[in-house]
Amino acid sequence: MTRLALLLDMDGVLYRGRHVLPGVPEALAQLEAAGHELCFATNNGWSSAEEISERLQHMGISVRPERMATAAWAAAKLLHTRWPAVRRPYVLGSAEVARQLRERGMQPVAEEDHQQADALVVGIDLELSYRKLARAQAVGLRGVPFLATDMDGAYPWEDGWLPGSGSLVAAVERATGRTAVPAGKPEPFMYRALLQGLPEGLLPVVIGDNLGTDIRAGRAAGFATILVLSGIATAADAAAAPPEERPDYVVADLAAAAAWIVGGDAISDEHGR
Ligand SMILES: [Mg+2]
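These numbers were taken from a predicted model, which means no experiment stands behind them.

**Concerning the pairing of strand β1 (residues 4-8)**
So, step 1. Judged by how many residues are buried, β1 sits mostly within the fold: five of five residues are covered.
So, step 2. Burial of β1 is two-sided: the residues Leu-4, Leu-6 and Leu-8 facing one way and the residues Ala-5 and Leu-7 facing the other way are all buried.
So, step 3. Summarising the sheet, β1 and strand β12 (residues 203-208) pair through five bridges and their orientation is parallel. By the bridge assignment, Leu-6 is partnered in β12 with Val-205.
So, step 4. By the bridge criterion, four bridges tie β1 to strand β4 (residues 37-41) in an arrangement that is parallel. Among the inter-strand pairings, Leu-6 is bridged to a residue of β4, identified as Leu-38.

Written out as structure tokens, the structure reads:
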């Protein structure tokens, strides 16, 4: 049996809104019992993995925080890896982004000290103001490394949408004439970072509900991809997707994916490589 490193998205795969999708706790248990490793990647840039894990626990889903990559975590890791000399980033983003940067030994500058910043990190900021934007612009115009947690333009919320971090990143890009380096999906960075913590020799397989982020990131990394239809994308969307966003497999939901993976030899090395 090929052991898989399953790289799962969360919203639309495990739950929708406040509701666990049918059969999810059982599917996760089934996959683990069959010897597969489970990891989770989310473009959430304001909660910690511990907070998300706790929320999931209340829903009856057990996910270890150390197996979870958030966009805030990924942005700090990417900055630290690519630009190890950076010490004092300016953050237009959540407290969680600042916390993750401190965890890696950096000291985010206070707003009034923005002239001393040696990097710029932009993500969702619920206290966004014109002044903060102007300061991010000033930092960006100095040519320092410019990172984004992720480029999600909008977040689903109750019955509608809210502006996502990508909307704020776009404002800073426009104001500076620069392009941010994103850490979240559809960049494959989070998947690769998660795999670093796993034993070698596992076959990576992405499971997600979003063609433009989950599946695109999986394809970019050269991994096999499974689209679940329990979230955003429909079967018609998958069929109409451009090659770089076309999933290898389409299944109804995680329960169906688990039954199929555990039940047979469906996924082999030849896929997605
Ligand atoms: Mg999703």
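From this point, things continue past the structure.
**Here's the deal with the layout of surface pockets**
So, step 1. Space inside the largest pocket adds up to approximately 1500 Å³.
So, step 2. Around the largest pocket, the lining comprises 41 residues; the ones closest to its centre are Asp-11, Trp-46, Tyr-155, Pro-156 and Trp-157.
So, step 3. Within the residue set of the lining of the largest pocket, elements represented by two or more residues are β2 (15-16), α2 (49-58), β9 (154-157), β10 (160-163) and α8 (211-221).
So, step 4. Here the residues of the lining of the largest pocket sort into 18 nonpolar, eleven polar and twelve charged.
So, step 5. Each pocket or cavity is described by its volume, and for the second largest pocket that value is around 260 Å³.
So, step 6. As for the second largest pocket, its lining consists of 18 residues, of which Ala-49, Pro-65, Glu-66, Met-68 and Trp-73 are closest to the centre.
So, step 7. Those elements that place two or more of their residues in the lining of the second largest pocket are α2, α4 (95-103) and α7 (189-196).
So, step 8. With four residues, α4 is the single largest residue contributor to the lining of the second largest pocket.
So, step 9. Here the residues of the lining of the second largest pocket sort into eight nonpolar, three polar and seven charged.
So, step 10. Per-domain counts for the lining of the second largest pocket show at least three residues from each of domain 1 (4-43 + 185-263) and domain 2 (72-182).

**Focus: the pairing of β9**
So, step 1. Bridge count between β9 and β10: four bridges; the pairing is antiparallel. Looking at the pairing, Tyr-155 lines up with Leu-162 of β10.
So, step 2. Between the end of β9 and the start of β10, which pair antiparallel, lie two residues, with Glu-158 showing a positive phi angle near 45 degrees.

**Thoughts on the nonpolar core**
So, step 1. Leu-6, Leu-8, Leu-14, Leu-28, Phe-40, Ile-207 and Leu-254 are the most contacted members of the largest nonpolar core, which has 32 residues in total.
So, step 2. Taken together, the elements giving at least two residues each to this core come down to β1, α1 (24-33), β4, α2, β12, β13 (224-228), β14 (249-251) and α10 (254-263).
So, step 3. In this view, Ile-207 contacts Leu-6, Leu-7, Leu-8, Asp-9, Val-13, Ile-226, Val-228, Leu-254 and Ile-261; residues no more than four positions away in its chain are not counted.

**Re α2**
So, step 1. Of all the positions in α2, only Ala-49, Ile-52, Ser-53 and Leu-56 are classed as buried. Down the axis of α2, the sector holding all buried residues measures 100 degrees, keeping them to one side. Among the exposed residues of α2, those oriented more than 90 degrees off its buried face are Glu-54 and His-58.
So, step 2. Looking at the buried residues of α2, the elements they touch are β2 and β5 (68-69).
So, step 3. Of the residues trailing α2, Gly-60 is marked for its positive phi of about 90 degrees.

**Here we look at the packing of helix α3 (residues 71-82) against α7**
So, step 1. The contact between α3 and α7 brings their axes to 10 Å, and the two run at 80 degrees. Judged on the interaxial angle alone, α7 and α3 are roughly perpendicular. Of α7, the residues touching α3 (which contributes Ala-71, Trp-73, Ala-74, Lys-77 and Leu-78) are Phe-189, Met-190, Ala-193 and Gln-196.
So, step 2. Classifying every residue of the contact of α3 with α7 by side-chain character gives seven nonpolar, one polar and one charged.

How each quantity is defined
Residues numbered from 1 in each chain as written. Predicted model: local features only at pLDDT ≥ 70, side-chain atom pairs only at ≥ 80, totals over all residues. Heavy atoms only, no water. Buried < 20%, exposed > 50% of the residue type's maximum accessible area, 1.4 Å probe, protein only. Helix = DSSP H or I, 4+ residues; strand = E, 2+ residues; numbered from the N terminus. Pairing = 2+ DSSP bridges. 1 Å grid on protein atoms, 1.4 Å probe; cavity = no way out; pocket = protein on both sides within 12 Å on 5 of 7 lines; lining within 4 Å. Points joined across faces, edges and corners; volume = space filled by probe spheres on them. Nonpolar A, V, L, I, M, F, W, Y, C, P; charged D, E, K, R; others polar. Domains from an automatic or database assignment. Core = buried A, V, L, I, M, F, W, Y, C linked by side-chain atoms within 4.5 Å. Contact = heavy atoms within 4.5 Å. Arc of directions from axis to C-beta. Axes fitted to C-alpha atoms, helices over the stretch in contact; angles between N-to-C directions. Parallel < 35°, antiparallel > 145°, perpendicular 65-115°, else oblique.

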